[in-house]
Amino acid sequence: MKKWFLYNKKADFKAIADKYHIDQVTARILRNRDINSEKQIEQFLHGSLEDDLHSPLYLPDAIKCMNQLNRAINEKKHIRVVGDYDVDGVCATYILVKGLRRLGAVVDYVLPDRIKDGYGINVGIIDKAKEDGVQVILTCDNGIAAIEELKHARDLGITVLVTDHHDVRQNQDEDYGCESRDILPPANAVVDPKREDNRYPFPEICGAVVAWKIIIMMYQNHTIPEEEFYDFLEFAAIATICDVMELRDENRTIVKFGLQQIKQTKNQGLRALLELQDLLTQDHISAYHIGYVIGPCINAGGRLRSAEIALDLFLTDEREEALMKAARLKELNDSRKTMTISATNQAIETVERHFMNDRVLVVYLPELHESLAGIVAGRLRERFYKPSFVITRAEGDEEGEKLAKGSGRSIDGYSMSERLQEVDKLLTKWGGHPMAAGFTLQEKNIDMFRAELNRRCELTGDQLVDKLWIDVPMPIDYISHNLIHDFEKLEPFGKGNEKPSFATKNLGITECRVLGKNRNVVKMKLLSDGGCLMDGLIFTNGDEFLRQKGASSKIDVVYYPQINEYNGTQSLQIVIDDYQLKP
């Protein structure tokens, strides 16, 4: 059961609604998202690509990077793009490779193997580049932390250009005067909006958007028509969604217009993937479809085989070939889903049997594919609302001791990076940020790792209850077709612009049944005190819900309204996110 909280932010909602021709409920949601000024509201409701995209020239070292690439193109130097194995890395690599080839560059690419190479550029990748006669390495979605690796590349005489969006390491010495604290890699250009000397107006962009900005600048420099750089918009949007960037400022505009463009994509690989997932028949493709359907397919290659499978798909021009490659990715993702369900059930059973009293969950699944540990940890966090670590057996050993690798997913109030630093003597290697982390340790230290994390944990009972924020208390009588269409102006939904939540109390349950072959949909007829009768859906274990309901005849709900269309007839319904049954 989640704990419900109500936003209570103040504004003149009637004035906002009248000025922008929206409902007062919509005006309240804008205020809840901290969209306050006239400029912010105008951009949020009526933004455009022409007005909202920031100039690439503000990115640090962007011009330096462009000049180096232009020189390499003119001198026919061999350029190698080194990306990453996740969706952002794949999309960033695609944008750079396709964009540079359009400019006549001699360019190829490498994506690290998740298990063999780990994250980002490494010495092995650099040595192979030297062996292959590569003269310029261009990174994307990685490189900012590769200090020693890029020293090696410099010593080999390779020009290195870094494009990244991750945080820059900083020197912790106090007395720095006017100098930057940034510890930058020894590259010929370092393009990263997180640099201390950054002038880019909105630094919270993903790696693919940084890559796109470089291509935009180069296309403009070469007087290539702007519609050609907009061909990459859908890949910038996919990466922004899947890398869970805040949907604010230009990110919102990129995703909004990128989603509109996806259905008309000229990319045969992306079109084949959409077709296999039956998304081309949808009225519109949402951020949900990208984050939970397309994104996992792109990721599946990097998790179970190679990320280059997805990149190869997007670089394919032939439709039949694209359909075959898309089917391969979908098959990998289906396999990943089966493995994830099995491992999640095993992890839940382990917690319920042994660790229910732990405030920090540490579960060892030695046979789990290590690329799935983070997903399973996320499922544990959702199920139990506790910081969750999932560990699996790793290849190799350290001083004769077997190794294990783990991934963690956290909750508000528990910084994984800080907690791992406290127990780093038990770890061989670790990295991460407050909400997620990865690490390696000796297998024999797993029990001690669990014990130490729990001993040091200061989370209170209140912090271990999931919070659900309600935008507006709204009776179902107020819902209309026009109101739901008004809410569509707030899309796309995602991080920083969450789907609105509404709440109402004391709905009478006049009818209740379970639907679906897996009996995982509950459909109710709900009656308000005002006499409004409406369908309500809950996606949950139907039989468990009926058991909980018993003789209860009333229900309080947190919901989102929808228009349901069946056999050409439209009706209003609510999809229930959380509920409290009453006698």
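Presented here is an overview of the structure given in this document.

Rules used in this analysis
- Here the residue index of a chain counts from 1 through its sequence in written order.
- Only residues with pLDDT of at least 70 get local features here, since the model is predicted, and only at 80 or more are side-chain atom pairs given and counted; chain-wide, interface and lining totals rely on the full set of residues.
- By convention in this description, side-chain values take in all heavy atoms of the structure and omit both hydrogens and water.
- Starting at the N terminus, helices and strands are each numbered in turn, a helix being any DSSP run of H or I of at least four residues and a strand any DSSP run of E of at least two.
- Throughout, radius of gyration means the C-alpha value; the globule benchmark is 2.2 Å times the number of residues raised to the power 0.38.
- For every residue, the accessible area obtained with a 1.4 Å probe (protein chains only) is divided by the maximum for its type, and the residue is called buried under 20%, exposed over 50%, and partly exposed between those limits.
- Between any two strands, at least two bridges found by DSSP are needed for them to pair.
- To get an axis, a line is fitted to the C-alpha atoms, and for a helix only the part in contact is used. The angle between two axes follows their N-to-C directions and goes from 0 to 180 degrees.
- Given the number of residues in a helix, its expected span is that number minus one, multiplied by 1.5 Å.
- Here, the term nonpolar core denotes a set of buried Ala, Val, Leu, Ile, Met, Phe, Trp, Tyr and Cys residues that are joined through side-chain atoms within 4.5 Å.
- Any two residues whose heavy atoms approach within 4.5 Å at even a single point are treated as in contact.
- For this analysis, a ring pair means two rings from Phe, Tyr or Trp (six-membered ring only for Trp) whose centres lie within 6.5 Å, classed as stacked if their planes differ by under 30 degrees, edge-to-face if by over 60, and tilted for the remaining angles.
- The rule for a charge over a ring is simple: NZ of Lys or CZ of Arg within 6 Å of the ring centre, and within 35 degrees of the ring normal.
- The definition used for a disulfide is geometric: two cysteine sulfur atoms within 2.5 Å.
- Salt bridges are counted wherever a side-chain nitrogen of Lys or Arg sits within 4 Å of a carboxyl oxygen of Asp or Glu.
- Note on angle classes: values under 35 degrees are labelled roughly parallel, values over 145 roughly antiparallel, values of 65 to 115 roughly perpendicular, and the remainder oblique.
- Nonpolar residues are Ala, Val, Leu, Ile, Met, Phe, Trp, Tyr, Cys and Pro. Charged residues are Asp, Glu, Lys and Arg, and all others, Gly as well, are polar.
- Should the near helix be turned anticlockwise from the far one by less than a right angle, the crossing is termed left-handed; should it be turned clockwise, right-handed.

1. Section: the overall build of the protein
Assigned secondary structure in the protein consists of 21 helices and 18 strands. Against the compact-globule benchmark of 25 Å for 583 residues, the protein has a radius of gyration of 25 Å, which places it among compact chains. Its C-alpha atoms give the protein principal-axis dimensions of roughly 75 × 60 × 60 Å. Within the span of the protein, comprising 583 residues, buried residues form 52% of the whole.

2. A closer look at the sheet that holds strand 5 (residues 159–163)
Taking strand neighbours across the sheet as the criterion, the 5 strands line up as 3-2-4-5-6 in an open arrangement whose pairing is parallel. Every other strand in the sheet has two partners, leaving strand 3 (106–110) and strand 6 (189–191) as the edge strands with one partner each. The average undirected angle you get between the axes of adjacent strands in this sheet is 20°. Sheet topology note: the strand 2 (residues 78–82)/strand 4 (residues 136–140) ladder contains 4 bridges and is parallel. Residue V81 lies in a different strand from strand 4, and its bridge partner there is L138.

3. Side note on helix 14 (residues 287–304)
The terminal C-alpha atoms of helix 14, which comprises 18 residues, lie 24 Å apart, in line with the 26 Å expected from a rise of 1.5 Å per residue. Where burial is concerned, most of helix 14 is hidden: 15 out of the 18 residues are buried.

4. Describing the nonpolar core
Core analysis: the largest hydrophobic core is formed by 89 residues, its most contacted members being L69, L100, L138, W212 and I298. For this core, the element with the highest residue contribution is helix 9 (residues 207–221), accounting for 11 residues. Excluding residues within four positions of it along the chain, L138 makes contact with C65, L69, I79, R80, V81, V82, L96, L100, L161 and T163. Among the nonpolar cores identified, the runner-up in size contains 39 residues, and I509, I555, Y560 and I576 belong to it.

5. Side note on the packing of aromatic side chains
Enumeration according to the criterion identifies 19 aromatic pairs in this entry. For the pair F229 and Y230, a centre-to-centre distance of 4.9 Å together with 50° between the ring planes defines the contact as tilted. Of the two residues examined, F229 and Y230, each falls in the buried class. Through pairs of rings, three or more aromatic residues link up here, namely Y94, Y219, F232, F235 and F314. A cation over a ring is seen here: R252 above F44, with NZ or CZ 3.6 Å from the ring centre. In this arrangement the basic side chain of R419 is found over the ring face of Y414, its NZ or CZ atom lying 5.9 Å from the centre.

6. Some words on the state of the cysteines
Each disulfide consists of one covalent bond between the sulfur atoms belonging to two cysteines. Going through the model one piece at a time under the given rule, you end up with 0 disulfides. The thiol of C65 is unpaired, and the distance to the nearest cysteine sulfur, on C140, comes to 11 Å. Taking relative accessible area as the criterion, C65 reaches 0% and is therefore assigned buried. No disulfide involves C91; its nearest neighbouring cysteine sulfur is the one of C242, lying 7.2 Å away. Overall, C91 belongs to the buried group, its relative accessible area being 0%.

7. Notes on the pairing of strand 18 (residues 569–582)
Bridge analysis of strand 16 (residues 533–539) against strand 18 gives 3 bridges, and the strand direction is parallel. Among the inter-strand pairings, L537 is bridged to a residue of strand 18, identified as V575. Connecting the antiparallel pair strand 17 (residues 554–566) and strand 18 is a turn made up of 2 residues, with N567 showing a positive phi of about 55°.

8. Points about the pattern of salt bridges
Under the definition given, this model contains 45 salt bridges. Close ionic contact of K489 with D486 constitutes a salt bridge, the shortest N to O distance being 3.0 Å. Residue class for K489 comes out partly exposed when judged on its relative accessible area of 36%. Classification of D486 as buried rests on a relative accessible area of 8%. In this structure, K523 and D535 form a salt bridge, with 3.6 Å as the shortest nitrogen-oxygen distance. Placement of the pair is K523 in strand 15 (residues 521–527) and D535 in strand 16, with a sequence separation of 12 residues. Accessibility expressed as a relative area gives 12% for D535, which makes it buried. Taken together, the shared-partner salt bridges in this structure form one network comprising D61, K64, R195 and D197.

9. Things to note about the packing of helix 1 (residues 13–20) against helix 2 (residues 24–32)
Their axes nearest at 8 Å, the elements helix 1 and helix 2 cross at an angle of 110°. What the angle tells us is that helix 1 and helix 2 run roughly perpendicular. On the side of helix 1, the interface is formed by F13, K14, I16 and A17, while helix 2 contributes Q24, A27, R28 and R31. Of the residues belonging to the contact of helix 1 with helix 2, the class tally is 4 nonpolar, 1 polar and 3 charged.

10. A closer look at the packing of helix 11 (residues 233–242) against helix 12 (residues 249–262)
Between helix 11 and helix 12, whose axes approach to 8 Å, the crossing angle comes to 120°. The angle between helix 11 and helix 12 falls in the class oblique. Pair helix 11 / helix 12 crosses with left-handed handedness. Where helix 11 abuts helix 12, its residues L233, E234, A236, A237, I238, T240 and I241 lie against N251, I254, V255, F257, G258, L259, Q261 and I262. For the contact of helix 11 with helix 12, the class distribution of residues is 10 nonpolar, 4 polar and 1 charged.

11. Some details on the pairing of strand 8 (residues 388–398)
Looking at chain direction, strand 7 (residues 361–364) and strand 8 are connected through 4 bridges and run parallel. Following the sheet pairing, V363 is matched in strand 8 by V390. Relative to strand 9 (residues 401–409), strand 8 runs antiparallel, the two being bridged by 8 bridges. Looking at strand 9, one finds that T392 is bridged to K405.

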